[in-house]
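Architecture and fold: a report
Listed here are the chains, written in short residue letters.
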Amino acid sequence: MKQPLFDIQDLTVSLGAQRIYSQFSARLPDVGITGIIGPNGCGKSTLLRCLGGLATPENGSVRLRGVNIGQLSPIARARQIAFLPQEPPVLADMTVEGVVAKGRTPWRKAFLPSSRADRDAVNQALETTQLIELRLRRLTALSGGQRQRAWIAMALAQQTEVILLDEPTSYLDLPHQIRLMQLLRHLVDQQGQARRVVVVLHDLTIAARFCDTLVGLSDGKLVCAGPPSEVLTPKTVMQLYGLRAQVHPDPVFARPVVYPEE
Amino acid sequence: MKPVIKLSLALGCLVFLALSGGRDWLVPADVWHGLWSTENFVIHVLRLPRTALAVAAGLALGLAGALMQGLTRNPLATPDVIGLVQGASLGHIMALGLGASVFLGETVGAAFALFAVIALAREQGPIAFVLYGIGVGATASAATTVILLRAPDATITQMMLWLSGSLARADLATAGALFGGVVCAGLIVLWRARELRTLWLGDDVMIGLGVHLPLLRFTVLGLVTLLTAGATLAVGPIGFLAFTAAPLARAVSGAEPPALFPAALMGACLLTAADLAARLIAPLVTLPTGLIMTLIGAPYLIFFLWSEKRKTA
């Protein structure tokens, strides 16, 4: 088997007094987009935070291509992994360009102004996310979809191999959800870029359509992992959500769609 | 034009105005010549020390306020609102009574107030932080008054003037020392600019960008404590300056948050202007600069709360 992207071993994590994972092990394959799915409170976000080094596990390790990320310095980690929380806080006078430029944080040098490489990375990120014309706009003046693109541009400016996104499509209407997932697809399919995205998603139809691998979690346990067509079955839907359902391929893309029977 | 340059120019003009203005106005040429001849009494004894001290203290408080607001992501959580200034004052009075170094007393007082607020308001949200801060500040103020009442009359008069935030007895040595401290703080800010630029973005985004949060918190809180203690020692407890400087700097110059240096420059502009106003309004009595600052800042606090309410409504 190819070396996994993330190798999680014996992970034990608590949030406050609540144990979220106990001796959890999983391997995330080295594919473009990995979607993490599961019911509310199953530990999706916590797993993503562990992958990004934001949560400190009590026990166990998370390895990125064999490197234990718990042993990396914050800067070294941030040069390999970008993380975006569900709703980053916004201050009224932040501009798109200003926020995207913060993505350069792990690359900046003390006492020095931003370098040519910094400016290039910011411009490229703005271009990829189609925000060039909006660069001087305030974040609060943007639509939800544009704002989400601005945060993704910040992560792009960070120039990491891995980008972790926590439910980037919630609060977006259907066309914006599709546009955003198309953008993620574009990021990982771009020629000459070995970019990987791990994304927590709620919408199974969206997840099945755009992800290469789906990882299903329920109550801190790994239920399934693999390509959407193999993973999304009536059995796993029952295991994940406790819901009776049929799964049929959609007529347009032939991706699995879940039809609840209840 | 860059925000820092804009505000530096504004500060330069204000300083020149502050040196010209007073009971007697000087023409620009006289100010210029006066600056270079140490015999010029009006410039060198009356106006330069006050103005220099106003600039230094304004820089310190503006920077401290912007740092604190950015770290807590709370526009209300500035050293003057959450009791640091009051803690420093209490430390000052206690150090005087004990015969210890007043700067040490102020630093310990400010650090103690900061620690108390952080420990009390732990994870209870921004409003709790401010309310505890007001409580700690009020306690420190009351304790200061109680101690003062037992002091000799001469000390009381002297301390009452200091407590109202006066620049009347400014001297160049104090201004120079404080300015040195501000420059050191500025160098630390430049050194850590990479991390400090991510203030306001929230813990998760900051960690994701590779910020070592505990180290950054320690740096910011340390700087805020020392800057507040230094400025309070030099000019007394000036209210509302740290609170108004950063948002005003951002509004006027269009600087991106956290706008640390713009906030420092705006703090200096505000205090210089407030001191000039104090001297113009009452040239013969020593009207405290802190009073003028409160007259500007307190209505701004009310306006801020009012506009916040309108935003949520």
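Being a predicted model, the structure only gives us computed values, none of them experimental.

1. As for the overall build of chain A
From N to C terminus, chain A includes nine helices and 12 strands. The C-alpha radius of gyration computed for chain A amounts to 19 Å, which stays within 12% of the reference 18 Å derived for 262 residues, consistent with globular compactness. Per-residue burial for chain A yields a buried fraction of 45% across its 262 residues. Pairs at least 24 residues apart make up 65% of the contacts formed inside chain A by residues separated by at least 6 positions.

2. Focus on the pairing of strand β2 (residues 18-28) of chain A
It is a general feature of regular strands that their side chains alternate between the two faces of the sheet. All names here are of chain A. In this sheet, β2 lies alongside strand β1 (residues 6-15) in antiparallel orientation, the contact comprising seven bridges. Paired with I8 across the bridge in β2 is A26. Joining the antiparallel neighbours β1 and β2 is a turn of two residues, in which G16 adopts a positive phi near 65°.

3. A few points about the UniProt feature "domain: ABC transporter" (unreviewed entry) in chain A
Under the local residue numbering, the UniProt record ascribes the feature "domain: ABC transporter" (unreviewed entry) to residues 6-244 of chain A. Between the end C-alpha atoms of residues 6-244 of chain A there is a gap of 32 Å, over a span that is 34% helix and 25% strand.

4. What about the interface of chain A and chain B?
Taken together, the contact pairs 23 residues of chain A with 20 residues of chain B. Residue assignment for the side of chain A that touches chain B shows that the elements contributing at least two residues are α2 (74-78), β6 (81-84) and α3 (96-102) of chain A. Looking at the side of chain A that touches chain B, the element that brings in the most residues is α2(A), giving four residues. Residue classes in the side of chain A that touches chain B are distributed as 15 nonpolar, four polar and four charged.

5. Some words on the nonpolar core
Of all hydrophobic cores here, the largest spans 176 residues; its most connected members are V100(A), L164(A), A56(B), A57(B), A60(B), L63(B) and A245(B). Residues in contact with A56(B), not counting those within four places in the same chain, are A175(B), L178(B), F179(B), V182(B) and A234(B).

6. Structural notes on the sheet that holds strand β4 (residues 59-64) of chain A
All names here are of chain A. One open sheet accounts for four strands, arranged β2-β1-β4-β5; its pairing is antiparallel. In this open sheet, the two edge strands, each paired with only one partner strand, are β2 and β5 (67-68). Running at roughly 120° to β1, helix α1 (residues 44-51) makes contact with β1, β2 and β4 of the sheet.

7. Side note on the packing of helix α1 (residues 3-20) of chain B against helix α13 (residues 260-281) of chain B
Residues and elements named next belong to chain B. The interhelical angle for the contact between α1 and α13, taken along N-to-C directions, is 15°, at an axis separation of 9 Å. Looking at the two axes, α1 sits roughly parallel to α13. As for the relative orientation of α1 and α13, their crossing is left-handed in sense. Seen from α1, the contacting residues are P3, V4, L7, S8, A10, L11, L14, V15, L17 and A18; seen from α13, they are F261, P262, L265, M266, A268, C269, T272, A273, D275 and L276. Looking at the contact of α1 with α13 residue by residue, the classes come out as 17 nonpolar, two polar and one charged.

8. Overview of unusual backbone geometry
The omega torsion across P257(B) and P258(B) is 5°, close enough to zero to call that bond cis. Along the polypeptide, P258(B) turns up in the loop between α12 (241-253) and α13. The backbone of D219(A) shows a phi angle near 55°, a positive value even though the residue is not glycine. Tracing the backbone shows D219(A) in the loop between β9 (213-218) and β10 (221-226). Taking the C-beta count within 10 Å as the criterion, D219(A) has 13 such neighbours and is therefore assigned partly exposed. The phi dihedral of W200(B) is positive, around 85°, even though this residue is not glycine.

9. Things to note about the UniProt feature "transmembrane region" (unreviewed entry) in chain B
Residue and element names in this part refer to chain B. Here, UniProt's "transmembrane region" (unreviewed entry) annotation points to residues 53-72, 93-121, 127-149, 170-191, 215-248, 260-281 and 287-306. Annotated as residues 215-248, this span is 85% helix and 0% strand, and its ends, taken at the C-alpha atoms, are 28 Å apart. Segment residues 287-306 splits into 90% helix and 0% strand. End C-alpha atoms: 30 Å apart.

10. A few points about the sheet that holds β6(A)
All names here are of chain A. With mixed pairing, the six strands of this open sheet are ordered in space as β6-β7-β8-β3-β9-β10. The outermost strands of the open sheet, each flanked by one partner alone, are β6 and β10. Direction aside, the axes of adjacent strands within the sheet are offset by 15° on average. Looking at chain direction, β9 and β10 are connected through five bridges and run antiparallel. The residue of β10 that forms the bridge with L214 is G226. In the packing of α1 onto the sheet, the strands contacted are β3 (33-37), β7 (162-166), β8 (196-200) and β9, and the crossing angle to β8 comes to about 150°.

11. A closer look at α13(B)
Residues spaced three or four apart along an α-helix face the same direction, because each turn holds 3.6 residues. A rise of 1.5 Å per residue sets the reference length of α13(B), with its 22 residues, at 32 Å; its end C-alpha atoms lie 31 Å apart and thus fit the reference within 8%. The buried fraction of α13(B) is high, at 19 of 22 residues.

12. A closer look at helix α5 (residues 144-157) of chain A
Residue and element names in this part refer to chain A. Between its first and last C-alpha, α5 extends 20 Å over 14 residues, near the 20 Å set by a 1.5 Å rise per residue. For α5, the tally of buried residues reaches 11 of 14 residues, placing the bulk of the element in the interior. If you follow the buried residues of α5, they end up packed against β6, α3, α4 (116-128), β7 and α6 (174-189).

About the cut-offs
Counting restarts for each chain: residues are numbered from 1 in the order of the written sequence. Here the convention is simple: chains get letters from A, ligands get numbers from 1, in the order in which they are written. Since the coordinates come from a predicted model, pLDDT governs what is reported: local features require at least 70, and pairs of side-chain atoms require 80 or more to be given and counted, while whole-chain, interface and lining totals use all residues. In this description a helix means any DSSP run of H or I spanning at least four residues, a strand means any run of E spanning at least two, and both kinds are numbered starting from the N terminus. In this setup the radius of gyration rests on C-alpha atoms only. A globule is expected at 2.2 Å times the number of residues raised to 0.38. Here exposure depends only on C-beta density: within 10 Å of a residue's C-beta, 20 or more other C-beta atoms make it buried, 12 or fewer make it exposed, and intermediate numbers make it partly exposed, the C-beta atoms being placed from the backbone. A residue pair is marked as a contact if its C-beta atoms, positioned from the backbone, fall within 7 Å. DSSP-based pairing: two strands are paired if at least 2 bridges between them are found. UniProt positions are given in the numbering used here, feature names are shortened, and annotations may be inferred rather than shown by experiment. When residues are sorted by character, Ala, Val, Leu, Ile, Met, Phe, Trp, Tyr, Cys and Pro go into the nonpolar class, Asp, Glu, Lys and Arg into the charged class, and all the rest, Gly among them, into the polar class. In this usage, the nonpolar core is the set of buried Ala, Val, Leu, Ile, Met, Phe, Trp, Tyr and Cys residues whose C-beta atoms join them within 7 Å. Note on definitions: angles span 0 to 180 degrees between N-to-C directions of axes, and those axes are lines fitted to C-alpha atoms, for helices only across the stretch in contact. For this classification, under 35 degrees means roughly parallel, over 145 means roughly antiparallel, 65 to 115 means roughly perpendicular, and everything else is oblique. By convention, the crossing between two helices is left-handed when the near helix turns anticlockwise from the far helix through less than a right angle, and right-handed when the turn is clockwise. In a helix, the anticipated span is given by 1.5 Å times the number of residues less one.

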